[in-house]
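In case you want the letters, here they are:
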Amino acid sequence: MSGCCGCCSALRPRYKRLVDNIFPVNSEDGLVKSNMEKLTFYSLSSPDKLDRIGEYLYQKASKDINRKRYKFVEIAMEAMDILLQACHAQTTLNLFVESFLRMVQKLLEDSNPNLQILATNSFVKFANINEDTPSYHRRYDFFISKFSSMCHGNNDNIELRDSIRLAGIKGVQGVIRKTVSDDLVENIWEKQHMEKIVPSLLFNMQSGDLTPVEDATVVTPPVLAEEVLRELVGRASFGHIRSVLKPLLTHLDRHELWVPNTFAIHTFRIVMISIQPQYSYTVVETLMQHLDNNFKSSPKTRTSLAVVLSKIIAIAAGESVGPSALDIINNLLTHLRTSVSTTTEITPEESQYQEALINALGEFANHHPDYQKIEIMLFIMNTVPDLSKKSKGDQMLQNILLKSLLKVGTQYSTTSFEKAFPASFLQPLLKMARAPHDPTRIIVMQIFQSLLDRHQNEKVLSTVSIKPYAALSQEPPSRSDIIFTHKYGANIMQALIDSMALSEKLDSLTSSYNTAALLIVEMACGETVQEFLLFILGIQQVSNTSDELSNIHKCCLQQIAIALLTLTARVTGINNLLEYAQKIIEDRKVEATHWLPPLLDSKKSNKSYNLNLPHLAIDKIALAECLQNAGMDFNRLQTGVPYALNQIDNPGHRHSWVESVSNHMQHRNSSADLTAYNADADSISSSPGVSKKALAPEYTVDAMKRYLAEPPESVKREQQEKQKQIVRAFRESDFEDLMKRTEPKHDVIQNRLNDLFNSLSIDNKTPQNATNQNEKPIYETNFPELFYY
């Protein structure tokens, strides 16, 4: 019998004998290395036999699996791996791969976890081989399903369970690598595959700790799953990224992983970091669509979704420009509108949801350049409902949209007010500053404060005070800022006066004061101080003349006016102005403390205050004298009209001195004019901002010495005496006498016109062809010797 077997074995094909020889008599001895080398050499020499070798190894392994001879199965699998690595450059490798994959599948189908891990490791080795020839018929759907199920392994032995899960994750990684690089194989991005792969990875990720592992060499299922997800997302093209995101969102929904949203934030950050930058906008868009689909979900779920959006939207901001940026902003605003329109009463949970959306909008805008932030703010402003709509829902929507505008404004870094407040943005903002709804006005004031505050003075100026602000930071305004103040400052200050007059609530008045104070700190200087003094006089005038305001409201306006006057004097460094303000404060401390800060609260104070105190008011003439004595221009202050309530806004119009003088002539009385008369006011200096000082009547050396040696008080007395004489003369003299005094000694213009008319009449009488016969032609004129060289 032994001879017969030997004879039969000699008749068997050589490749079978070589395969049989690699198996030892005792399975514990492992693969016979010398015989394996012979089999490998034979395979390289006869590549056409590879498919038969593979088939024969598969048959032997199948028998051994059925007989539970697992050691021999491991030897067969090891031989397969060696042949695969040695022969991967052969053109006939595809035929061998079929047997190889059948064998891997056979091992995976067995219930023995060690065989499953062994098969997975072999598949991973195969996946790392770059094949030169494409495969047209290979399918991996079984492997995707099997590896995904291994990822969910729940063996009681924790160590074995983790080994099976690791093997499953590695297998999924191998399938991804093998299929993504080869367009001819099965499309792994199809829905049925992604719905198995993505949840399997997420299942392993959520079972681990999100904190970084100290020992990076230890590979755990959560760490490896995160690595594979990064690789999967990184390999996804524009058309395939949604295939990954949809099962991801579905998994988070089914397992209720939005509340709390720590894992969701962690996962989406991985996606945003791993995805190709140009596709990051797609993730934001998909998440927004998911938020749309969850509009009926609980506020907590929607809030968590919005928070996740706010955490990742900044990453996408860098890649979204132009229409895509405004598209994201529009989507966020749409969600805000939906939130307001679907709820009759804003609950704390709904408010958190809206705040999360606003934060997302702010985070998105923060990663754009400043010029785009202005565009975003203008875009938001154009979506705010008109003030004519006074329903509760519209007011809520106004507040929400203005809060989102404020969020963008806080991210904007103002360098030039001209750029921060373009006319198209400033005009509707000033209109909103006059809104009848207190919360709306307060938010508008906060927007102004965020854009005006270049030196972080907003918190310092948050209280109305006549004391020096210790931590105040400032620098002189630039030329462009001065031009902006001349052009638009009047419109802003008029809106502030209207805002102050609308409500006596402390928070509303304080916010308006804060804005006015910031405006003064940032823009006040010698060239603009007169506008701010007219503004302060306007606040006082509203307090004195408005019949609609309560006594406490009027007192608060008086307090704001004196506080702003003190601040203006300190900011501009005009000591005369500061001394005058201090004098008023000292007098008020004696007679009218209710005209000094802090602001009065209408809810706590029911007293009746004396408001008829003209001698304690800020005097316009005294302010002009302060500027004059400081050597500064005071004409605008003297001839201009204080700002009043409800003046028309026209941001593109600069206030003309002609208009201000004509308006002043219409509104003031004659006695006030006479009292305010000053000889220097009639002569207009050619240098703006510099007033002309009165000189002594004689111009001798002694007179000039005497004038320089005289103290300023005597000069003031002389000027006051001259003014009194002029006022007395105009008050007491007859009308005919005044006519003679003011009648010009000669009419220069009339004489000049007469000369012109005479010359024209002489020219008309002269014949057109008349010429001087004795006159030489100009080209024959000889130069005098003086001009000879």
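Keep in mind that what you see is a predicted model, and the values were worked out from it rather than measured.

### Section: the overall build of the protein chain
Each helix and strand in the protein chain was counted, giving 35 helices and zero strands. In the protein chain, which comprises 789 residues, the proportion classed as buried is 47%. Here the analysis covers contacts within the protein chain between residues at least 6 apart in sequence; of these, 74% occur between residues at least 24 apart. About 41,000 Å² of surface is accessible on the protein chain, with carbon and sulfur atoms providing 52% of the total.

### Regarding the nonpolar core
Ranked by internal contacts, the top residues of the largest apolar core, which has 219 residues, are Leu 57, Phe 268, Phe 421, Phe 535, Leu 564 and Ile 618. A per-element tally of this core places helix α26 (residues 551-572) first, with 13 residues. When residues no more than four places from it in sequence are discounted, the contact partners of Phe 268 are Leu 245, Leu 248, Leu 249, Leu 252, Trp 258, Val 283, Leu 287, Val 308 and Ile 312.

### Notes on the packing of aromatic side chains
One pass over the structure, following the stated rule, counts 17 aromatic pairs. Taken together, a centroid distance of 5.5 Å and an interplanar angle of 75 degrees make the contact between Phe 142 and Phe 143 edge-to-face. Judged by its relative accessible area of 2%, Phe 143 falls in the buried class. Between Phe 421 and Phe 448 the ring centres are 5.6 Å apart and the planes differ by 25 degrees, which places this aromatic pair in the stacked class. Pair noted here: Phe 421 is in the loop between α20 (417-420) and α21 (423-432) and Phe 448 is in helix α22 (residues 438-452), with a separation of 27 residues, a long-range link. Residue Phe 421 shares its accessibility class with Phe 448, and that shared class is buried.

### A word on the side chain of Ser 99
Looking at where Ser 99 falls in the secondary structure, it is placed in helix α6 (residues 93-109). Assessed through its relative accessible area of 5%, Ser 99 is described here as buried. When sequence neighbours within four positions are dropped, the list of residues in contact with Ser 99 reads Asp 51, Gly 54, Glu 55, Tyr 58 and Met 80.

### Overview of the environment of Leu 564
You can see Leu 564 is positioned in helix α26. Taking C-alpha positions, Leu 564 is 8.9 Å from Leu 533, a pair spaced 31 residues apart along the chain. Residue contacts for Leu 564: discarding those within four places in its chain leaves Tyr 513, Ala 516, Ala 517, Ile 520, Phe 535, Ile 536 and Ile 539.

### Quick word on a nonpolar patch on the surface
A grouping of Leu 753, Leu 756, Phe 757 and Leu 760 is seen on the molecular surface, where their side chains present a nonpolar patch of about 370 Å² in accessible area. Along the chain, Phe 757 falls in helix α35 (residues 748-765).

### Section: the environment of Ile 574
Among the structural elements, Ile 574 can be located in the loop between α26 and α27 (575-591). For Ile 574, a relative accessible area of 4% gives the class buried. Sequence separation of Ile 574 and Met 632 is 58 residues, and the distance between their C-alpha atoms is 9.6 Å. Ignoring sequence-local partners within four residues, the contact set of Ile 574 consists of Val 529, Ala 569, Leu 627, Ala 630 and Met 632.

### Some points on the packing of helix α13 (residues 262-274) against helix α14 (residues 280-293)
The geometry of α13 relative to α14 is characterised by a closest axis approach of 9 Å and an angle of 150 degrees between their N-to-C directions. With respect to α14, the element α13 is oriented roughly antiparallel. For the pair α13 and α14, the crossing hand works out as right-handed. For the pair formed by α13 and α14, the contact residues are Phe 268, Val 271 and Met 272 on the first element and Ser 280, Val 283, Val 284 and Leu 287 on the second. A class-by-class count of the residues in the contact of α13 with α14 yields six nonpolar, one polar and no charged.

### Let's talk about the confidence of the model for the protein chain
Mean pLDDT over the protein chain: 82, with 80% of residues reaching 70 or higher. Considering only residues more than four positions removed or in separate chains, one finds that residues 1-7, a stretch of pLDDT under 50, has zero contacts.

### Focus: the pattern of salt bridges
Applying the stated criterion to the full structure yields 25 salt bridges. In this structure, Arg 230 engages Glu 226 in a salt bridge whose closest nitrogen and oxygen atoms are separated by 2.9 Å. Separated by four residues within a single helix, Arg 230 and Glu 226 lie in helix α11 (residues 221-235), roughly one turn from each other. For Arg 230, a relative accessible area of 31% translates into the label partly exposed. Between Arg 636 and Glu 531 there is a salt bridge, with its nearest N and O atoms 2.6 Å apart. With Arg 636 in helix α29 (residues 635-639) and Glu 531 in helix α25 (residues 529-545), this residue pair connects regions lying 105 residues apart in the sequence. A single burial state applies to Arg 636 and to Glu 531, both of which are buried.

### Considerations on the packing of helix α23 (residues 479-502) against helix α24 (residues 506-523)
Contact geometry of α23 with α24 gives a least axis separation of 10 Å together with a crossing angle of 165 degrees. The pairing of α23 with α24 is recorded here as roughly antiparallel in orientation. Handedness of the α23/α24 crossing: left-handed. Facing Phe 484, Thr 485, Ile 492, Met 493, Leu 496, Ser 499 and Met 500 of α23, the residues of α24 in contact are Leu 509, Ser 512, Tyr 513, Thr 515, Ala 516, Leu 519 and Met 523. Classifying every residue of the contact of α23 with α24 gives 10 nonpolar, four polar and no charged.

### Here we look at the environment of Glu 190
With respect to the helices and strands, the residue Glu 190 is situated in the loop between α9 (158-180) and α10 (191-206). Residue classification places Glu 190 among the partly exposed positions, given a relative accessible area of 31%. For the pair Glu 190 and His 240, spaced 50 residues apart in the sequence, the C-alpha separation amounts to 8.7 Å. There is a polar contact of 2.6 Å between the side chain of Glu 190 and the side chain of Gln 192.

### Quick word on helix α7 (residues 113-127)
Between its first and last C-alpha, α7 extends 21 Å over 15 residues, near the 21 Å set by a 1.5 Å rise per residue. For α7, a buried count of 11 out of 15 residues is recorded, marking the element as mostly surrounded by other parts of the structure. When α7 is considered as a whole, its buried residues turn out to be Pro 113, Leu 115, Gln 116, Ile 117, Ala 119, Thr 120, Ser 122, Phe 123, Val 124, Phe 126 and Ala 127. At its buried positions, α7 is contacted by α5 (70-86), α6, α8 (141-151) and α9. Capping the start of α7 is the job of one residue whose side-chain oxygen sits 2.9 Å from the backbone nitrogen of Asn 114: Asn 112.

### Things to note about unusual backbone geometry
Here Val 259 and Pro 260 are connected by a cis peptide whose omega angle stands at -5 degrees. Turning to its location among the elements, Pro 260 is positioned in the loop between α12 (241-254) and α13. Here Pro 597 and Pro 598 are connected by a cis peptide whose omega angle stands at 10 degrees. Within the secondary structure, Pro 598 is located in the loop between α27 and α28 (620-629). Of note in this structure, Lys 68 is not a glycine but carries a positive phi near 65 degrees. Mapped onto the elements, Lys 68 comes out in the loop between α4 (50-66) and α5. Judged by relative accessible area, Lys 68 falls into the exposed class, the value being 54%. Despite not being glycine, Gln 456 shows a phi value in the positive range, around 55 degrees.

What counts and how
- Residues numbered from 1 in each chain as written.
- Predicted model: local features only at pLDDT ≥ 70, side-chain atom pairs only at ≥ 80, totals over all residues.
- Heavy atoms only, no water.
- Helix = DSSP H or I, 4+ residues; strand = E, 2+ residues; numbered from the N terminus.
- Buried < 20%, exposed > 50% of the residue type's maximum accessible area, 1.4 Å probe, protein only.
- Contact = heavy atoms within 4.5 Å.
- Areas by Shrake-Rupley, 256 points an atom, 1.4 Å probe, with all protein chains shown as cover.
- Core = buried A, V, L, I, M, F, W, Y, C linked by side-chain atoms within 4.5 Å.
- Phe/Tyr/Trp six-rings, centres within 6.5 Å; stacked < 30°, edge-to-face > 60°.
- Patch = residues over 30% accessible without salt bridge, like charges linked within 9 Å, V, L, I, M, F, W, Y side chains within 5 Å.
- Salt bridge = Lys/Arg side-chain N within 4 Å of Asp/Glu carboxyl O.
- Axes fitted to C-alpha atoms, helices over the stretch in contact; angles between N-to-C directions.
- Parallel < 35°, antiparallel > 145°, perpendicular 65-115°, else oblique.
- Left-handed = near helix turned anticlockwise from the far one by under 90°.
- Nonpolar A, V, L, I, M, F, W, Y, C, P; charged D, E, K, R; others polar.
- pLDDT = per-residue confidence, 0-100.
- Polar contact = N/O pair within 3.5 Å; in protein donor to acceptor, adjacent residues only side chain to side chain.
- Expected span 1.5 Å × (residues − 1).

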